Amino acid sequence: MIDQSFHYEGVTGHPRLPGRDIKFSINDVNVYYGPKHALKNVGLDIASREVTAFIGPSGCGKSTFLRSLNRMNDLIDGCRVEGQVLIEGEDIYAPEVDVVELRARVGMVFQKPNPFPKSIYENVAYGPRIHGIARSRDELDGIVQSSLERAGLWKEVRDRLDAPGTGLSGGQQQRLCIARAIAVSPEVILMDEPCSALDPIATAKVEELIDELSGNYTIIIVTHSMQQAARVSQRTAFFHLGYLIECEQTDVIFMNPQHPLTQGYITGRFG
Amino acid sequence: MPRNITDIVRAGLKKRYRAEARFRLYGITAILAALVLLFTLFVTIVSQGASAFVATELTLSVPVTAAVVDPEGTRAEATLSGANYRKLVLDALDAQFPDVQDRIERRKLHAIVSDGATYDLREKVMANPALIGTTVTLTTPVASDFDMLAKGQVDVSQPESLRRLNDRQIGWFNTLKERGLVSFGLDRNLFVNADSRQPELAGIFGALMGSLYTLLVTLALSFPMGVAAAVYLEEYAPRNRLTDIIEVNINNLAAVPSIVFGLLGLAIFLGFFGLPRSAPLVGGLVLSLMTLPTIIIAARVALQSVPPSIREAALGIGASKMQTVLHHVLPLALPGIMTGTIIGMARALGETAPLLMIGMVAFIADTPEGILSPSTVLPVQIYIWADSPERAFLERMSAAIIILLTFLVIMNTAAVWLRRKFERKW
Amino acid sequence: MKLPKARVSRPRSPPEVEGADSENGRPDRREAFSRKEPGPRKPRFPEASRGKDSAVSRFIAFSFHCGLFLVIPASVLIFGVKARMDTLILICVILGLAAVMYRMGMARALRVGDGTRPLHSTPVYHGLYVALWCVIPSLAFLLLWLMFEPAIVRGLVLASLPDSVLSGPDGQPLSAQRIQLIYTEIGNVANGLVPVDSPAALMEASAYKDRLHLLGNRGTWAACLAIALGGTAWALSRITPVLRTRNKVESVFRAFILMCSGLAILTTLGIVLSLVFESLRFFAHVSVTDFLFGLHWSPQTATGPDVSKSFGAVPLFAGTFLIAGIALVVAVPIGLMSAIYMSEYAHPRFRAVAKPLLEVLAGIPTVVYGFFAALAIAPLFRSLGEQLGLDVSSESALAAGVVMGVMIVPFVSSLSDDVISAVPRSLREGSLGLGATKSETIRRVVIPAALPGIVGGVLLAASRAIGETMIVVMAAGMAARLTANPFEAVTTVTVQIVTLLVGDQEFDSPKTLAAFALGLVLFCLTLIMNIVALYVVRKYREQYD
């Protein structure tokens, strides 16, 4: 059992990545839900074009942190974010930043597959349509096809693009949601436990897809499964009770964790 | 990517935010439109009806001569009640205008006094026969046409032929006013009388009692039955065909037009069972059939909100099903059921159409004495008055609407209060 | 005396509720629960009933029984001669009796349970068992009697009349209507409204009717009380320790609540049967095709062989749909947009004020809307029309439709609110996460997702608009006109039902029966709409459950 009175702050400092191409630079972020202090003094850098995984026991704040990266927390009543989240040097919480534009740059895939109750085609075309990205029907068709291809779904659905997206299997639905997210060509894709509602085979496919996408997109994935983090990510951050405990190369985290809490978690002593 | 997505998104933003603002505007406009209509409705009602609570009254000194009231001096009740009080009142009025001698003119003059004056005088004398031989100061409502005149509802600038009152009548009335004999007072008749052919005598009390009796019947029938049906469906009913049919039926009945229930009442209660027309009993039967689905649905929701753990606790220590329901589940669900019942009753109070079908729309000048005597109800009284051509009845109608709405507000407030007070999150 | 253990007691606190609730909500909840708890339960076996074993108390009980069994019926027979007693008093007496019998049943259960075996059920159930035997048979008898009394009395009275009264001058038997008139007259005589010149036969018949009533009344009292006491005696005699009174009482309870739920079926059946039966009589005069497809409606002039041609209901259907259509055009956008604004945009404080205000619209009686339409909106439209050079009738479909629309706004908005909030949060987040604005999310994701539910709600609203009566009775016209012009006066199905049935009625005339045929059409139409709507809404709910 962990000593709950353990003083976490400043355990690892704010892990910086000097010399790397940085997508997000986060300084002293605090998130409150009403009176509840959900995220405490979190700071780290996230590199471009690689997969970063957030792990930690439930309620540790990893999903909250993920949602604060494209301001999805704005939708929750009573939620307050303090600190700096810089995307390529620009604070996303600055008053002049447009949240619509931000979310077009930072896409999101959710825990439960949530295709719209529309056709497969309309699901993927939704983002390009609202943002006015495609100038013609042909261009839109092209975007839809390439997104589905990149999500590895094109072969399975090419004959039934007009079928409802909700009629697909769970794994297909999640890949459809990924296709929907990449259709607006975001720079970053946030994934909030994307495989927790899927069976192992579908999970494997999605993981494979994440691996393929990591060359072109910055991917941040929240996961419950340490194995998944180990499989798909290059860097891993460990959260506990609202604190960022440790952020390192994935193999370092799993082979040689610095912090006793991380050690305890990955060896399964709590979580 | 051939083009920079961020630039494209940024270029479209202005237009999209304009659409966003427009959409919000539609929303707020819709709400405001509805609220403005609501406001207009209330303003219309109040502006038309407020004046009905005030009556124009005429004060006359009436000599109660023994020769007219009780020539033989027996003071017998039959003599006193049959005496010609109208003559006394009219004589007193004539005394104000000694120069009006022509019979036709005089009749026009007498139109100022309402029949109510006669009744008032009789009441006074019967209550105190010692008044005979003295002069009584009588303050009674004037006839409705003059009431309208006093309240400024008569357009005096119109040509005489288009008016219900001629110039001379208006002149006499103004003379009375100048003599300080005309005053305004609370309209007692509105509250204590039943319907009448004379607007100034018509009141809502009869209709109010009719509504009360009807609602009592409705409540007595629909509350126990509705709760019982809800208990069956929530706590007992097996998942089978019959239960499904019952549920579909209840949901449909909640949406059947009210007038169809009226037809049912006409064919079954009046036609088949031969119950009396216009009776609150039949009205109550029809309304309880209408209210039943509302109560059942509300009671089921209330029962559903009682957590299963309560039932398990009771059953677990050996309580029977009935004991579980009656001792534990029902008391906890009662506030919710009461709320639903009050709302159902409020709806029944405002219901009109089915009652027209079973004859509660008749002209009834007596206050009903029970659930079998012919009566009308408040909303039907409103309908009857709205149909009459006289301006004075419209004023009465608006007053009746104000009273009806007051009752509804009270009932709904009670329901909201109950819900707030006993609201419980499990 | 050895007492059986009480089988049931009230739990002091609810059991643990699993999940998050138990973390912090529990102490409060327990407190709330125990606050509601009434004081300690009364003991199951009242102290007073324990002492019943003494000789004196036995004697008292015995004489009490004798009193009940003998004195009450006797006194009814004696006093009933003088006074006609009300049915209501009879019911009260039976209920009072039942209360007494309840105590007796309990006492008896304690006495027979005196031995070694415990009672199967608690004495309360024995008391209830006896009380039910007292109440149910006698009230059932009373109900049956009340249902059939008028018919029996009528039959006897008419049979007592000499043939000369029941046949016309030509010796032929009178028509059913004439006989009804005569019977009504007899009733009037009996009620003291004596027409001076009524024939002696009628006077006699009315006196006979009076006697019958009195006899029936007294007979009912005696019979009801006898049945009540007989039932009680039977129940008391059966009480033994092993008698499963709890099961019996519970099955009566179950039967009662089943009957109450069955009332819904009975009501529907009553509606269908009465409408169909009267409509069939109507269609004996008028052909179905003439009624459903005829273009001419003028029941007031319906006479002669061409009666069928005066009952063409198409203009009524057209008027109904015109007004309902106008109502929906007003109500759907306003209702839908206000629901969206309330649930997606409005500040909680604004919602807390505006939402109840909108609901006030639903609570206003329709007769008030009728007044508003007829006396405020219609004249307004008329004068507006005059200024614009339009000829707006003073009973225009527009005025009735607009006001009806206002009436169903809260209906549409609360139904849309329900379905919109049933759209899962994940869909909204999916769309917002892609960078859609709020209105884009609503228009392109939420509303399409909620569409089946919204359509269902609109159907329900339409069915309500079609069946609405008072607004159209007061604000729409009487003239059946086939027009699509909203500025003209049209009439509706409900208006005609009211017009045909209010006022003096002659049963059996096609004019009156037409109302039932219209009612049948109205019922079928709204029924279909409701069933479809409820089905659509249910399917929609299931989709997101």
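Keep in mind it's a predicted model, so treat the numbers as computed, not measured.

Cut-offs and rules
Residues numbered from 1 in each chain as written. Chains lettered and ligands numbered in written order. Predicted model: local features only at pLDDT ≥ 70, side-chain atom pairs only at ≥ 80, totals over all residues. Heavy atoms only, no water. Helix = DSSP H or I, 4+ residues; strand = E, 2+ residues; numbered from the N terminus. Buried < 20%, exposed > 50% of the residue type's maximum accessible area, 1.4 Å probe, protein only. Contact = heavy atoms within 4.5 Å. Areas by Shrake-Rupley, 256 points an atom, 1.4 Å probe, with all protein chains shown as cover. UniProt positions renumbered as here; feature names shortened; annotations may be inferred. Expected span 1.5 Å × (residues − 1). Bend = angle between axes of the 7 residues up to and from the residue. pLDDT = per-residue confidence, 0-100. Core = buried A, V, L, I, M, F, W, Y, C linked by side-chain atoms within 4.5 Å. Pairing = 2+ DSSP bridges. Axes fitted to C-alpha atoms, helices over the stretch in contact; angles between N-to-C directions. Buried area = accessible area lost by both parts, 1.4 Å probe. Salt bridge = Lys/Arg side-chain N within 4 Å of Asp/Glu carboxyl O. Polar contact = N/O pair within 3.5 Å; in protein donor to acceptor, adjacent residues only side chain to side chain. Nonpolar A, V, L, I, M, F, W, Y, C, P; charged D, E, K, R; others polar. Phe/Tyr/Trp six-rings, centres within 6.5 Å; stacked < 30°, edge-to-face > 60°. Lys NZ or Arg CZ within 6 Å of the ring centre and 35° of its normal. Right-handed = clockwise from strand over helix to strand, strands pointing away. Domains from an automatic or database assignment. Patch = residues over 30% accessible without salt bridge, like charges linked within 9 Å, V, L, I, M, F, W, Y side chains within 5 Å. Left-handed = near helix turned anticlockwise from the far one by under 90°. Parallel < 35°, antiparallel > 145°, perpendicular 65-115°, else oblique.

**Some details on the overall build of chain C**
Alright, step 1. Of regular secondary structure, chain C possesses 19 helices and 0 strands.
Alright, step 2. Across the 545 residues in chain C, those meeting the buried criterion constitute 47%.
Alright, step 3. Pairs at least 24 residues apart make up 73% of the contacts formed inside chain C by residues separated by at least 6 positions.
Alright, step 4. Counting every atom, chain C has about 26,100 Å² of accessible surface; 65% of that belongs to carbon and sulfur.

**A short note on the UniProt feature "transmembrane region" (unreviewed entry) in chain B**
Residues and elements named next belong to chain B.
Alright, step 1. Within the UniProt annotation, "transmembrane region" (unreviewed entry) is assigned to residues 23–46, 204–233, 253–275, 281–303, 324–346 and 397–418.
Alright, step 2. Across residues 204–233, the secondary structure splits into 97% helix and 0% strand, with the terminal C-alpha atoms separated by 41 Å.
Alright, step 3. Along residues 281–303 the backbone is 100% helical and 0% strand, and the end-to-end C-alpha distance reaches 30 Å.

**With respect to helix H14 (residues 397–422) of chain C**
Alright, step 1. Its 26 residues place the ends of H14 of chain C 36 Å apart at the C-alpha level, agreeing with the 38 Å of an ideal helix rising 1.5 Å per residue.
Alright, step 2. The principal kink in H14 of chain C, of about 40 degrees, is found at Ile-408 of chain C, preceding the proline Pro-410 of chain C by one to four residues.

**Observations regarding the confidence of the model for chain C**
Residues and elements named next belong to chain C.
Alright, step 1. Looking at chain C, pLDDT values average 79 and 78% of them are 70 or higher.
Alright, step 2. Mean pLDDT in chain C bottoms out at helix H2 (residues 26–36), which sits at 38, and peaks at helix H11 (residues 314–345), which reaches 93.
Alright, step 3. Taken as a whole, residues 1–53 scores under 50 in pLDDT and shows 78 contacts with residues more than four places along the chain or in a different chain.
Alright, step 4. Under a pLDDT of 50 for its full length, residues 77–85 has, in the predicted model, 15 contacts with residues more than four places off or in other chains.

**Some points on the nonpolar core**
Alright, step 1. Of all hydrophobic cores here, the largest spans 271 residues; its most connected members are Leu-148 of chain A, Phe-261 of chain B together with Ile-271, Trp-297, Tyr-369, Ile-497 and Leu-518 of chain C.
Alright, step 2. The element contributing the most residues to this core is H11 of chain C, with 17 residues.
Alright, step 3. Among all residues touching Leu-148 of chain A, those that are not within four sequence positions of it are Ile-120, Val-124, Leu-153, Trp-154, Val-157, Leu-161, Leu-176 and Ala-179 of chain A.
Alright, step 4. Residues Leu-58, Ile-132, Val-136 and Leu-138 of chain B belong to the second largest nonpolar core, which totals 36 residues.

**Here's the deal with the sheet that holds strand E10 (residues 243–249) of chain A**
All names here are of chain A.
Alright, step 1. Spatially, the 6 strands line up as an open sheet ordered E6-E7-E8-E3-E9-E10, and their pairing is mixed. Edge positions in the open sheet fall to strand E6 (106–109) and E10, since each of these has one partner strand only. Recorded for the sheet is a direction-independent mean angle of 20 degrees between the axes of neighbouring strands.
Alright, step 2. The sheet contact formed by strand E3 (residues 51–55) and strand E9 (residues 235–240) spans 4 bridges and is parallel. Among the inter-strand pairings, Ile-55 is bridged to a residue of E9, identified as Phe-238.

**Remarks on the interface of chain B and chain C**
Alright, step 1. Contacts between the two partners involve 87 residues from chain B, matched on the other side by 97 residues from chain C.
Alright, step 2. Buried surface at the junction of chain B and chain C, summed over both partners, amounts to about 7,900 Å²; 77% is from carbon and sulfur atoms.
Alright, step 3. Considering only the side of chain B, the residues that lose the most area to chain C are Phe-23, Ile-31 and Met-322 of chain B, jointly responsible for 9% of the buried surface there.
Alright, step 4. The interface formed by chain B and chain C holds 1 salt bridge in total.
Alright, step 5. Between chain B and chain C we count 10 residue pairs in polar contact (both at pLDDT 80 or more) in total.
Alright, step 6. It is helix H1 (residues 5–49) of chain B that contributes the most residues to the side of chain B that touches chain C, 22 residues altogether.
Alright, step 7. Partitioning the side of chain B that touches chain C into residue classes produces 64 nonpolar, 16 polar and 7 charged.

**Observations concerning the packing of aromatic side chains**
Alright, step 1. Applying the stated rule across the entire model yields 19 aromatic pairs over all chains.
Alright, step 2. Here Tyr-341 of chain C and Phe-350 of chain C contribute two aromatic rings whose centre-to-centre distance is 6.0 Å and whose plane-to-plane angle is 85 degrees, an arrangement assigned as edge-to-face.
Alright, step 3. An aromatic cluster of three or more residues is present, and its members are Phe-282, Phe-283, Phe-291, Trp-297 and Phe-311 of chain C.
Alright, step 4. Directly above the aromatic system of Tyr-236 of chain B lies the positively charged group of Lys-321 of chain B, at a separation of 5.4 Å from the ring centroid.

**Concerning the pairing of strand E7 (residues 188–192) of chain A**
Residue and element names in this part refer to chain A.
Alright, step 1. Taken across its 5 residues, E7 has 5 buried, putting it largely inside the fold.
Alright, step 2. Relative to E7, E6 runs parallel, the two being bridged by 4 bridges. Opposite Gly-107, over in E7, you have Ile-189 as the bridge partner.
Alright, step 3. As paired elements, E7 and strand E8 (residues 218–222) share 5 bridges and run parallel to each other. For Ile-189, the partnering residue across the bridge sits in E8 and is Ile-219.
Alright, step 4. Considered for its hand, the β-α-β crossover made up of E7, helix H7 (residues 200–213) and E8 is right-handed.

**Comments concerning the interface of chain A and chain C**
Alright, step 1. With 24 residues of chain A in contact, the opposing surface of chain C contributes 19 residues.
Alright, step 2. For chain A, the biggest contributors to the area lost against chain C are Pro-117, Tyr-126 and Ile-130 of chain A; these three give 30% of the whole.
Alright, step 3. At the boundary of chain A with chain C, the tally comes to 1 salt bridge.
Alright, step 4. A salt bridge links Glu-429 of chain C to Arg-67 of chain A, with the shortest nitrogen-to-oxygen separation between them at 2.7 Å.
Alright, step 5. Only helix H2 (99–105), E6, helix H3 (120–131) and helix H6 (170–182) of chain A provide two or more residues apiece to the side of chain A that touches chain C.

**A few points about the sheet that holds strand E2 (residues 135–141) of chain B**
All names here are of chain B.
Alright, step 1. Taken in spatial order, the 3 strands make up an open sheet running E2-E1-E3, and their pairing is antiparallel. Strands at the two margins of the open sheet, each flanked by one partner only, are E2 and strand E3 (182–186). Put simply, the sheet's adjacent strands are angled 40 degrees from each other on average, direction ignored.
Alright, step 2. Judged from the 5 bridges that link them, strand E1 (residues 54–63) and E3 form a sheet pairing that is antiparallel. Residue Leu-58 lies in a different strand from E3, and its bridge partner there is Val-182.

**Things to note about the domain arrangement of chain B**
Alright, step 1. Assigned domains within chain B: domain 1 (5–50), domain 2 (53–201) and domain 3 (205–422).
Alright, step 2. The C-alpha centroid of domain 2 of chain B is placed 56 Å from the C-alpha centroid of domain 1 of chain B.

**A word on a nonpolar patch on the surface**
Alright, step 1. A contiguous nonpolar surface patch, about 540 Å² in accessible area, is contributed by Leu-143, Leu-144, Met-147, Phe-148, Ile-152 and Leu-156 of chain C.
Alright, step 2. Its place among the elements puts Phe-148 of chain C in helix H5 (residues 123–160).

**With respect to the pairing of E3 of chain A**
Residue and element names in this part refer to chain A.
Alright, step 1. The element E3 is largely enclosed, with a buried count of 5 among its 5 residues.
Alright, step 2. The side-chain alternation of E3 yields two buried faces, one formed by Val-51, Ala-53 and Ile-55 and the other by Thr-52 and Phe-54.
Alright, step 3. In this structure, E3 lies alongside E8, joined through 4 bridges in parallel fashion. Each residue of the ladder has a partner; that of Phe-54, found in E8, is Val-222.

**Overview of the packing of H3 of chain A against H6 of chain A**
Residues and elements named next belong to chain A.
Alright, step 1. At their nearest, the axes of H3 and H6 sit 7 Å apart, and the two run at 35 degrees to each other. Between H3 and H6 the crossing geometry is right-handed. Here H3 contributes Ile-120, Asn-123 and Val-124 to the contact with H6, which in turn contributes Leu-176, Ala-179 and Arg-180.

**Some thoughts on the UniProt feature "domain: ABC transmembrane type-1" (unreviewed entry) in chain B**
Alright, step 1. Following the UniProt record, the feature "domain: ABC transmembrane type-1" (unreviewed entry) maps to residues 208–415 of chain B here.
Alright, step 2. As annotated, residues 208–415 of chain B has a helix share of 77% and a strand share of 0%, and its two end C-alpha atoms lie 21 Å apart.

**Digging into the packing of H1 of chain B against helix H13 (residues 366–388) of chain C**
Alright, step 1. Contact geometry of H1 of chain B with H13 of chain C gives a least axis separation of 11 Å together with a crossing angle of 80 degrees. Classified by the angle between their axes, H1 of chain B and H13 of chain C sit roughly perpendicular to one another. Every residue of H13 of chain C that contacts H1 of chain B at Leu-37, Thr-40, Leu-41, Thr-44, Ile-45 and Gln-48 of chain B is listed here: Val-368, Tyr-369, Phe-371, Phe-372 and Ala-376 of chain C.
Alright, step 2. Residue composition of the contact of H1 of chain B with H13 of chain C, by class: 8 nonpolar, 3 polar and no charged.

**Considerations on the environment of Ala-331 of chain C**
All names here are of chain C.
Alright, step 1. Mapped onto the elements, Ala-331 comes out in helix H11.
Alright, step 2. Using a relative accessible area of 0% as the deciding quantity, one classes Ala-331 as buried.
Alright, step 3. Distance from Ala-331 to Val-445, taken between C-alpha atoms, is 22 Å for residues 114 residues apart in sequence.
Alright, step 4. Dropping the residues within four chain positions of it, Ala-331 is found in contact with Leu-336, Gly-405, Ile-408, Val-409 and Val-412.

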